[in-house]
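Structural characterization, general
Chain residues, written in single-letter form:
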Amino acid sequence: MKKQFIRYLLFAATVAAVILMLRIINWMPWIIQKDTIRPYSNIDLVRTRLQIHRVYVPSYFPKNLRWPPSRILAQRTPFIAVILEFRDEQTGDTILMTSQTAGGRPPVWDRKIEVQRVEEQVTYSLKGRKAVLTVGQCADGEHCSGVSWDEGKYRIDVLMKSGPFDLIGIAESMIHGSVPGSEAP
């Protein structure tokens, strides 16, 4: 009986050791690759830890949007990307997403908001920047719209579950300064 108890105890200890080792191995990439995509609690941490000095954040919010962002994801490797999600004040649903990616890369988000049925897509002048404005419906039939433009070395994408009017105000509030390329040498 005593030998059987010791065997069970050794088996349980071995299983616990294997589980612990698997957890440590699972954490290794996060420890080694500190600048791959991961969540952050605030934008200042993104700036300091990843050395991303220019993070494009809206300064205008309609009354129904909740500040601070409900989710912040960022990476420096393999390219700079910052994703912000904002929730509706009353429902708690994600209704606004912004993506900032280096080198003109497409956004890297998980498609919580996506224009599924495009009703109209036009070129739009957004504070002197050439932008593409898309208006349509999301998968659930709600109105949604998106706007994309290049801002220096970044591509900015903003998607919102609403018509284009609030979206344009939010996107314009993310732009500060002159049109890229128009600065004096």
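For clarity, every value in this text was computed on a predicted model and none was experimentally measured.

Notes on the state of the cysteines
Counted according to the given criterion, the structure contains 1 disulfide. There is a disulfide in this structure between Cys138 and Cys144, and the S-S distance comes to 2.4 Å. Since its relative accessible area comes to 8%, Cys138 is described here as buried. Owing to a relative accessible area of 1%, Cys144 belongs among the buried residues under this scheme.

A few points about the pattern of salt bridges
Tallied over the full model, the rule gives 8 salt bridges. In this structure, the salt-bridge partner of Lys161 is Glu142, at a minimum N-O distance of 3.7 Å. Of this pair, Lys161 sits in the loop between strand S8 (154-160) and helix H3 (164-173) while Glu142 is found in the loop between strand S6 (129-137) and strand S7 (143-151), placing the two residues 19 residues apart along the sequence. Residue classification places Glu142 among the partly exposed residues on the basis of a relative accessible area of 37%. Overlapping salt bridges bring together Arg71, Glu85 and Lys112 as one network.

Topic: the sheet that holds strand S2 (residues 71-75)
Judged by pairing direction, the sheet is antiparallel, and its 8 strands sit side by side in the order S1-S2-S3-S4-S8-S7-S6-S5 without closing on themselves. At either margin of the open sheet sits one strand with a lone partner, and together these are strand S1 (38-40) and strand S5 (117-126). On average, each strand axis in the sheet is inclined to that of its neighbour by 20°, with strand direction left out of account. Sheet topology note: the S6/S7 ladder contains 7 bridges and is antiparallel. Bridge pairing links Thr134 to Gly146 in S7.

Regarding the layout of surface pockets
As a volume, the largest pocket reaches approximately 240 Å³. Residue lining of the largest pocket: 16 residues in total, with Gln121, Thr134, Gly146, Ser148 and Leu159 positioned closest to the centre. Contributing elements (two or more residues each) for the lining of the largest pocket: S5, S6, S7 and S8. No other element matches S8, which puts 4 residues into the lining of the largest pocket.

Describing the side chain of Ser99
Checked against the element boundaries, Ser99 lands in strand S4 (residues 94-102). Looking at Ser99, the relative accessible area reads 2%, which means it is buried. The residues touching Ser99, leaving out its near neighbours within four places in the chain, are Val82, Ile83, Pro107, Val108, Trp109, Arg155, Ile156 and Asp157.

Observations concerning the packing of aromatic side chains
Both the distance between ring centres and the angle between the ring planes are used here to describe each pair of aromatic rings. Evaluation of the coordinates by the stated rule reveals 4 aromatic pairs. Ring geometry for Tyr56 and Tyr154: centres 6.1 Å apart, planes at 70°, overall edge-to-face. With Tyr56 in the loop between helix H2 (43-50) and S2 and Tyr154 in strand S8, this pair connects stretches of sequence that are 98 residues apart. A single burial state applies to Tyr56 and to Tyr154, both of which are buried.

The rules behind each value
Residues numbered from 1 in each chain as written. Predicted model: local features only at pLDDT ≥ 70, side-chain atom pairs only at ≥ 80, totals over all residues. Heavy atoms only, no water. Disulfide = S-S within 2.5 Å. Buried < 20%, exposed > 50% of the residue type's maximum accessible area, 1.4 Å probe, protein only. Salt bridge = Lys/Arg side-chain N within 4 Å of Asp/Glu carboxyl O. Helix = DSSP H or I, 4+ residues; strand = E, 2+ residues; numbered from the N terminus. Pairing = 2+ DSSP bridges. Axes fitted to C-alpha atoms, helices over the stretch in contact; angles between N-to-C directions. 1 Å grid on protein atoms, 1.4 Å probe; cavity = no way out; pocket = protein on both sides within 12 Å on 5 of 7 lines; lining within 4 Å. Points joined across faces, edges and corners; volume = space filled by probe spheres on them. Contact = heavy atoms within 4.5 Å. Phe/Tyr/Trp six-rings, centres within 6.5 Å; stacked < 30°, edge-to-face > 60°.

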